Amino acid sequence: MLDNREISNLLRFNIFSIDGSFKSNSTEEFFEKKYFVITSINPLIKDLWMIFKIIQQYCKYPSIFLCCTSSNFNLVRKFIKKYNDLNQAVNIVILSEEILEESLLNKSINPINRFIDQFFNDSSCIEEIKNIFNKFFKDKLYVLTNLINYKITKTNIVNQQTINVGLIVHARMSSTRLPGKAMYDINGEPVIFRILSRLSQKFGNEKVFLSTSTKKNDDILQNYVESKGFKVYRGEEDNLVKRFLDIALDQKLTHVIRITGDDLFRNLNSLDLMIEQMIKNDSDYIFSNDLILGCNSEIMNLETLLFINDYANDLNQTHALTWFLDRKEIFNITEYKHNYKERNLISLMLDEANDYESIKNIWKNNDKFFSSNWSYDVLLDKINDNLDLFEYYPSDIGLLKRENKGKHSFIFDH
């Protein structure tokens, strides 16, 4: 049976079988037909992946004719080729831009029919795809570029989805710049406990998880964190997306809030608002970048993690997960704005030895405050009173430029 999430994804496209188009009240019986025409304008690649997977779930050996216009058409075409290569039980053909343009200019379906003859091999498939075109598009080809305006489906279907959010803290003892920092002492408690404790105060222990590696030097992290009542998951050190997926699938999470082992000063009060905006926009990924470095957040949905796991060029580069998520032609991305006019050009992340000294010194006189679910405005006051403790960073410290995009690419990029 189609669930609300599947219906929401399918309604982003016009999907035709010979019996008609898919609608909000359609059932899985719609996919008993084997042949489909799908139209769209500027589809996101992750959304194409989703509908192909849904159709395959309910239809054996489907044939799909995709007609779309896109500012990233070449990337869409390469993705379709890779999807076909990896999925032998489906045949997807994308109409070329040139043929679509020729048909529209000549107001004739004949160029499309010739294209169908050339790229579909099975005679029954050719006949059925042509029949769909003749039934719904003959003499009104203009609808191929106007029928779909590709927007997020703003219906009750989205709001009816069950949301299960979890917070995953990823930390390890073998940090390159500051080894063992997860167990560094901050006013009598390890860094990792300071982070987990604040999160659990707001969300509860059952929603907070530690992700670490299977390396022996991370045994100390597992033993300590489990003794404090938190669940620990372990996996390959650099394959972060797999470690996240292990937790998300086991805990049946729909959304993951990513917390790093540096995040002693994460602003927790905006997380509920970010989730709300993410659901409203049906975003794959939401992030903020306008607070002091170390206070911002990012949240991703399960489907995004699954997509990266399927298509990342090198899964051992997913420890730099943000660089895979920062692709607006693939994912529906929202930037959350806190609307602060300016931010201090300092870092509250625990990256290096001097960061540790700064954090340790400011914390010792403000332990009760920093251990609580503090207000960001009050945090700013505390920081401004102690600016002499911190080094200054460049103004673009939030989102640095990638040095090597190839490392953080997808297999269909090339």
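Relevant structure appears above.
It should be emphasised that the depicted structure is a prediction, and the values quoted were computed from it without experimental measurement. (Residues numbered from 1 in each chain as written. Predicted model: local features only at pLDDT ≥ 70, side-chain atom pairs only at ≥ 80, totals over all residues. Heavy atoms only, no water.)

A.B. asks: Can you walk me through the pattern of salt bridges in this structure?
C.D. replies: Oppositely charged side chains may form a pair once their charged atoms are brought near each other. Overall, the coordinates contain 27 salt bridges when judged by the stated rule. For D47, the salt bridge goes to K46, with nearest N and O atoms at 3.5 Å. Note that E102 is salt-bridged to R114, the shortest N-O span being 3.6 Å. Linking E102 in helix 4 (residues 97-106) with R114 in helix 5 (residues 110-119), this pair joins segments that are twelve residues apart in sequence. (Salt bridge = Lys/Arg side-chain N within 4 Å of Asp/Glu carboxyl O. Helix = DSSP H or I, 4+ residues; strand = E, 2+ residues; numbered from the N terminus.)

A.B. asks: How should the nonpolar core be read in this particular structure?
C.D. replies: The tendency in soluble globular proteins is for nonpolar side chains to be buried side by side. Core analysis: the biggest nonpolar cluster contains 60 residues, and F31, F52, F79 and F307 have the highest contact counts within it. At nine residues, the largest contribution of residues to this core is made by helix 2 (residues 45-58). Ignoring anything within four residues of it in the chain, the contact list for F79 reads I45, L48, W49, F52, F307, Y311 and F412. Membership of the second largest hydrophobic core comes to 53 residues, among which are Y224, F265, L291 and I362. (Core = buried A, V, L, I, M, F, W, Y, C linked by side-chain atoms within 4.5 Å. Buried < 20%, exposed > 50% of the residue type's maximum accessible area, 1.4 Å probe, protein only. Contact = heavy atoms within 4.5 Å.)

A.B. asks: Just checking my understanding: could you explain the sheet that holds strand 10 (residues 231-235) for this structure?
C.D. replies: The strands making up a sheet are joined through hydrogen bonds of the backbone, oriented either antiparallel or parallel. The mixed open sheet is built from seven strands, whose spatial order is 10-9-6-11-13-12-14. Here the strands that pair on one side only, and so sit at the sheet edges, are strand 10 and strand 14 (333-336). Ignoring which end each strand starts from, the neighbouring axes of this sheet average 25 degrees apart. In this sheet, strand 10 lies alongside strand 9 (residues 208-213) in parallel orientation, the contact comprising five bridges. (Pairing = 2+ DSSP bridges. Axes fitted to C-alpha atoms, helices over the stretch in contact; angles between N-to-C directions.)

A.B. asks: Just to check I follow, could you spell out the sheet that holds strand 4 (residues 63-69) for this structure?
C.D. replies: One open sheet accounts for five strands, arranged 2-1-3-4-5; its pairing is mixed. With one partner strand each, in any of the chains shown, strand 2 (20-21) and strand 5 (91-94) form the two edges of the open sheet. Direction of pairing for strand 1 (residues 14-17) relative to strand 3 (residues 35-41): antiparallel, over a ladder of three bridges. Paired with N14 across the strands is T39, a residue of strand 3. Where helix 2 meets the sheet, it contacts strand 3, strand 4 and strand 5, and its direction lies at approximately 165 degrees from that of strand 3.

A.B. asks: In this structure, what is going on with helix 3 (residues 73-86)? I would like to understand it.
C.D. replies: Since there are 3.6 residues in each turn of an α-helix, residues three or four apart along the chain are aligned in direction. Over its 14 residues, helix 3 extends 20 Å from the first C-alpha to the last, a length consistent with the 20 Å expected when each residue adds 1.5 Å. Within helix 3, the full set of buried residues consists of F73, L75, V76, F79, I80, Y83 and N84. Among the structural elements, helix 2, strand 4, strand 5, helix 4 and helix 13 (302-311) are those in contact with the buried residues of helix 3. (Expected span 1.5 Å × (residues − 1).)

A.B. asks: Can you walk me through the pairing of strand 11 (residues 255-260) in this structure?
C.D. replies: The side chains of a regular strand alternate, first on one face of the sheet and then on the other. Most of strand 11 sits inside the fold, with six of its six residues counted as buried. Burial along strand 11 is two-sided: H255, I257 and I259 and V256, R258 and T260, pointing in opposite directions, are all buried. Across six bridges, the pairing between strand 6 (residues 165-170) and strand 11 is parallel. Looking at strand 11, one finds that V165 is bridged to H255. Direction of pairing for strand 11 relative to strand 13 (residues 298-301): antiparallel, over a ladder of three bridges. Along strand 13, the bridge assignment pairs H255 with N301.

A.B. asks: Any chance you could explain the packing of aromatic side chains here in plain terms?
C.D. replies: Aromatic ring pairs: the centre-centre distance and the angle between the two ring planes describe each pair. Evaluated as defined, the whole model comprises 36 aromatic pairs. Cluster of aromatic residues (ring-pair linked, three or more members): W49, F52, F79, Y83, F307, Y311, F324, F331, F410 and F412. The ring of F369 has K382 lying over it, and the distance from NZ or CZ to the ring centre is 5.2 Å. (Phe/Tyr/Trp six-rings, centres within 6.5 Å; stacked < 30°, edge-to-face > 60°. Lys NZ or Arg CZ within 6 Å of the ring centre and 35° of its normal.)

A.B. asks: Any chance you could explain the packing of helix 9 (residues 191-203) against helix 10 (residues 219-227) here in plain terms?
C.D. replies: A pair of packed helices can be characterised by two numbers: the angle between their axes and the separation between those axes. In the contact formed by helix 9 and helix 10, the axes pass within 11 Å of each other and the chain directions differ by 40 degrees. With respect to each other, helix 9 and helix 10 are oriented oblique. For the crossing formed where helix 9 meets helix 10, the hand is right-handed. Contacts from I192, F193 and L196 in helix 9 reach L221, Y224 and V225 in helix 10. Looking at the contact of helix 9 with helix 10 residue by residue, the class counts come to six nonpolar, no polar and no charged. (Parallel < 35°, antiparallel > 145°, perpendicular 65-115°, else oblique. Left-handed = near helix turned anticlockwise from the far one by under 90°. Nonpolar A, V, L, I, M, F, W, Y, C, P; charged D, E, K, R; others polar.)

A.B. asks: Hey, could you run me through helix 17 (residues 376-385) in this one?
C.D. replies: Listed in full, the buried residues belonging to helix 17 are Y376, L379, L380 and I383. All buried residues of helix 17 project into a common sector of 105 degrees when viewed along the axis, lining one side. Where helix 17 is buried, its residues touch helix 15 (353-364) and helix 16 (367-370). Sitting at the head of helix 17, S375 places a side-chain oxygen 3.3 Å from the backbone nitrogen of D377. (Arc of directions from axis to C-beta. Polar contact = N/O pair within 3.5 Å; in protein donor to acceptor, adjacent residues only side chain to side chain.)

A.B. asks: I keep staring at the packing of helix 5 against helix 6 (residues 123-136) and nothing clicks. Help me out?
C.D. replies: Contact pair helix 5 / helix 6: the axes reach a minimum separation of 10 Å and the direction vectors enclose 160 degrees. Regarding the angle of helix 5 to helix 6, the classification is roughly antiparallel. The crossing of helix 5 and helix 6 is right-handed. Of helix 6, the residues touching helix 5 (which contributes I112, N113, I116 and D117) are I126, I129, K130 and F133.

A.B. asks: Is there a simple way to explain the side chain of E6 in this structure?
C.D. replies: As for its position among the elements, E6 is in helix 1 (residues 4-10). It turns out E6 is buried and unbridged, and the closest side chain with the opposite charge, R5, is 9.5 Å from it. (Lys, Arg positive; Asp, Glu negative; His and termini not counted.)

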